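Analysis of the macromolecular model
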Amino acid sequence: MLAFILVTLMAVHSMPAPGAGMPGPARPVFLTQSPPAPTRLTQLDRFGDLPLADLLGEPEIGFRFQVLSSPGDLLRAEVELRPTGEAFNQANLVGDPVPAGGTAQWLEVWNRDRLRQSGYHWRARVVGSGGASAWVNFGDNSDTVQPPARFADADFYNLHEPMVAYPDPPAGFEGLARIGQLPLLVPSVQTFQVSSFDRSEGNADGGSEEPGLETYFYREGAAEVVLEAKGPGQINRIWFAESNDPSFVNTRLQVFFGGATEPTIDLPVVDLMSGEVPPFVEPFVLNADRSSGGLISYVPMPFRDGVKVRFAGPHAHYQITYQLFAERGNIETFTGNEDYTLAQHLWRRTGLDPKPTRGNETEQIDANLASGATVMLVDLQGPGALQSLRLQLPQLQTTIYSDPPLEDTVRAHLAGESRFHLRPLFSDTPTRLRMRRGCRFAPQTATVFAGGAELGQWMRQEGNDRNRWCDDSFYLPSDVVLAGMPIDLRLVSESTGHPWEEARYWLEQLDLGHWRTADELDVGDVLSEQEHGYSIAGQTGFGLQVNTYPAIVVSRPDSQALLAGLRLRITADDHETADVDIPVGAFFGSAVGETNIESLMAGIQPERHILYSYWPMPYAHRLKIELVNTSHIPVHAMHAEIAYDHTVYPSPGRHTGYFRSAEYLSRPTETSTDHGLIHARSAGKLVGLHLLVHSGNEAFIEGDERWHVDGARTPQVRGTGTEDVFNGGWYYNRGRIIRPVHGANSTRLEGWIDQYRWFLNDFISFADRLDGGIEHGPTNDINGDYSSWTFAYAAEGSALLGTDSVDLDDPDSMMDHQVELSGPVQPFQMVGQFEGDDDSLVSDGGLQLQAGSVLSVTLAVDPAARQILLRRRYDQGENKEQLRVWVDGQQAGFWVDGGRNTSRRWRESIFLVPPELTAGKGRVMVRFEPVSWAGSQGATMARLTALSQYRAEHDMWLPMVIVNSH
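Throughout what follows, the structure given in this document is the object of discussion.

Cut-offs used in this document
Residues numbered from 1 in each chain as written. Predicted model: local features only at pLDDT ≥ 70, side-chain atom pairs only at ≥ 80, totals over all residues. Heavy atoms only, no water. Helix = DSSP H or I, 4+ residues; strand = E, 2+ residues; numbered from the N terminus. Buried < 20%, exposed > 50% of the residue type's maximum accessible area, 1.4 Å probe, protein only. Contact = heavy atoms within 4.5 Å. Areas by Shrake-Rupley, 256 points an atom, 1.4 Å probe, with all protein chains shown as cover. Salt bridge = Lys/Arg side-chain N within 4 Å of Asp/Glu carboxyl O. Phe/Tyr/Trp six-rings, centres within 6.5 Å; stacked < 30°, edge-to-face > 60°. Lys NZ or Arg CZ within 6 Å of the ring centre and 35° of its normal. Polar contact = N/O pair within 3.5 Å; in protein donor to acceptor, adjacent residues only side chain to side chain. Pairing = 2+ DSSP bridges. Axes fitted to C-alpha atoms, helices over the stretch in contact; angles between N-to-C directions. Disulfide = S-S within 2.5 Å.

So, the overall build of the protein chain
A tally of regular secondary structure across the protein chain gives 8 helices and 71 strands. Taking all 966 residues of the protein chain together, the buried fraction comes to 59%. Residue pairs at least 24 apart in sequence account for 79% of intrachain contacts in the protein chain once pairs closer than 6 positions are excluded. Split by element, the accessible area of the protein chain, about 36300 Å² in all, is 48% carbon and sulfur.

Listed below in structure tokens is the structure:
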């Protein structure tokens, strides 16, 4: 598809003088003169005017502009197109010479190099026999959508690179912006997570220094190294729980790239998550106030040649999610100077489609739906992609509502006082003084005086450690209230208890049955304080607080029943079973009724009773969307709006995943068994999780999540607690949280714990299967009602083939695989357990390699595979391990396994072999050499398996099944 950007450059010979009338017909340009500079630029494509933040990038882009000329001249269009970070120098796109016609005419220039940067700017000119016109820099024009200031420097952002069968891993901020690329399967990426989980499978997930159970790799002086990886990859997410240790404010996060001895990042954690250190800015980073007890960063940090992360100072619960790539490709190591503006722009406009909407076609449906009935919303003929789905259900009523965290400045005094005056509008009407206070600590008590007369005591008896804003009112007697006359107020705080915290005062009066604000004092605002004669004595505190108010919760049984019983079914390409079949509420982000939730991918806008989803859903030839009303509530005046386009994704079901959901209901859960999240049997990538826990007992959410990739016995992604998965902390100690890719729209305070997380650049890729579960209670020891819905892009079968495996405890297997050993090698036997949810004992043996030893193995691989993985079983009880890996005599990289576990000693890990070392080969000889690493010398290996994934031919793929448990 060609995206024509038509740029109208209307040249005129002269401009009218100030005060003159409009010019007459333009005079011809003489051959001896340079063509006039282009003016009045207009930006167009086949869909109309293009705002800068929404322009499409394509493999072929045409630039056209119009000029006036004299007959007989030869005109040539020149364009300079560069990434926004590069200064203009000279034309790099030149059109063919075109004879001038003597009237306004079009000139063309084509760019046919695929655009790989996120932002570009360009300028244009025309060259004739008399020379060149002046350049016109199109980047100086304003943008109709009022984007961030830096967007004015770029002419377009190519959010839609051409779809390819096997794209490069989404690295950097591009991965946070390219939502349309989510369905594409990426074989060369593996997602991992290091965390402070209890190595003994207990509930001490806050970190350990017990020998053998340490929650770090090793120490460097007083600092703890918690992650070290070799080769190309990216850190996608860093999470901490808020720490009560006073010295945590000085704890530094240090990140070293590519073996550097000096860190690229070396900042206190609290500063890193403050949002004030670019590119660590909101909404990619949030402190504990804004993420309800968690400190979170989604700033992507790519690396070409490895990374090391360490903490200098005390810390507790942590998680670091990262990916390793098989190839370096175009990966550029993080510097801290990355352009984040496009991704930030998209993440800030939650409620709007984060994908380009130009060219979408829309279907609108109005319907009523009786109990037990089904309605077909749309039956689309492909190929294409569903871009958005919006439902309006006017009969819904809001169950839970709260505002986002609010910033305000607070002053506090103890055994002191504050003075100010406020002016009423009326006399002889009920009047009250209302205040916003920080109410974490109580009691707070002050005596109120007006005009020198004591009016009484104002007391806040109860504190609120979660919703730390409170509004309180003090009613004023009518004899101190006179219309237009200021009331001189003095509040004297007690010498005992907690300081009196004041953020804002409103003088409110009852007017026609409603409270009306007559005057307002914003404490901490200099102008407001001066205007109201504010003064304070005995001040004990001053500063900005970011707190929340308690949510408004109302019982709406009919609305809750409708959102739980109205089911959405989406079926692509005539599949026998629906790809999506879940309750409407769960699909759009809330399983507890109508509530305000505006995330990047889905949400609910209760003001208009609108539910929206922006997950892209490709299909090859057909897509059906149905609503099935299994509730007892009839649906009245439902309105649906469905946007789709004819984007052709490569091979849906093979290179592109179908959007699929899995629903698991454990009502109640079973002791000693994880609540299942997904059991997918296919290739794909996990992109979403919605979890509902029904209980007033917060100990339920002590449970850890565990994700097993492609049948591995060891969880590849492992967490530290349920609220930690969703980037909160300490049972969501600030209450509800609604953020672009994570949140809890309901907590125990509202009766249910309802949480969501969207995995964008931190997706979990799998080639054959994905098994995920989460503990209920600290160790699956507290039972209750759990419901979960996972979202994945899944192919129609497995893309993984176990081509060969050698048992290093079996002489025949070793002989069959031409195992060769040199140097100090010892056999070992062990009976132990794997980390995770399987407590069974495993008896196995293998080889223990020491410094100077070499192990060589010949393995069969699939010559048609795009990616070869090696999986080894080893004993992690001794120490961290690092192996240098060679494939057919060429160095393939380093296999790094950090940390140790003397409680659960068996472990399985994987190594991504660079594809160029195995392409077209049916057998490879792999050599392993232990490498000394931070005091560790040797390595162990019990079994080694070669896994071939993503064949060029797909006839070996197995039928895909996503198992639902009801």
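Here the narrative resumes, following the displayed structure.
A closer look at the pattern of salt bridges
Once their charged atoms are close, side chains differing in charge can pair, the charge on each being opposite to the other. This model, assessed by the stated rule, comprises 58 salt bridges. Note that Asp511 is salt-bridged to Arg516, the shortest N-O span being 3.3 Å. Residue Asp762 is joined to Arg757 by a salt bridge in which the shortest nitrogen-to-oxygen separation is 2.8 Å. Of the two residues, Asp762 and Arg757, both sit in the buried class. When salt bridges that share partners are traced, they join Glu201, Asp674, Asp704, Arg706, Arg718 and Glu775 into one network.

Notes on the packing of aromatic side chains
In this description, an aromatic ring pair is defined by two values, namely the gap between the centres and the angle between the planes. Enumeration according to the criterion identifies 34 aromatic pairs in this entry. The interplanar angle of 75 degrees and the centroid separation of 5.4 Å between the aromatic rings of Phe311 and Tyr318 together place this pair among those described as edge-to-face. Within the aromatic cluster, the residues linked to one another by ring pairs are Phe587, Phe588, Trp615, Phe659, Tyr756, Trp758, Phe791 and Tyr793. In this structure, Lys685 is placed above the aromatic ring of Phe763, and the distance from its NZ or CZ to the ring centre is 4.0 Å. In this structure, Arg872 packs its charged tip against the face of Trp895, placed 5.2 Å from the ring centre.

Here we look at the environment of Ser932
Positionally, Ser932 belongs in the loop between β68 (923–930) and β69 (939–941). Once residues lying within four places of it in the same chain are set aside, the contact partners of Ser932 are Gln882 and Gln937. Among the polar contacts made by the side chain of Ser932, one reaches the side chain of Gln937 at a distance of 3.3 Å.

Section: the sheet that holds strand β62 (residues 842–849)
Here 3 strands make up an open sheet; going across it, the order is β61-β62-β69 and the pairing antiparallel. Because the sheet does not close on itself, it has two edges, and the strands there are β61 (825–832) and β69. Taking the axes of each pair of neighbouring strands and ignoring which way they run, one obtains an average angle of 35 degrees across the sheet. Both β62 and β69 contribute to a ladder of 3 bridges, which runs antiparallel. Each bridged residue has a counterpart across the sheet, and for Leu849 the counterpart in β69 is Ala939.

Examining the state of the cysteines
The tally for this structure, following the rule as stated, stands at 1 disulfide. Two residues, Cys439 and Cys470, share a disulfide whose sulfurs are 2.0 Å apart. The sign of the S-S torsion, about 65 degrees, decides the handedness of the disulfide formed by Cys439 and Cys470: right-handed. Placement of Cys439 in the loop between β29 (431–438) and β30 (444–450) and of Cys470 in strand β32 (residues 469–476) is noted, with a sequence separation of 31 residues between them.

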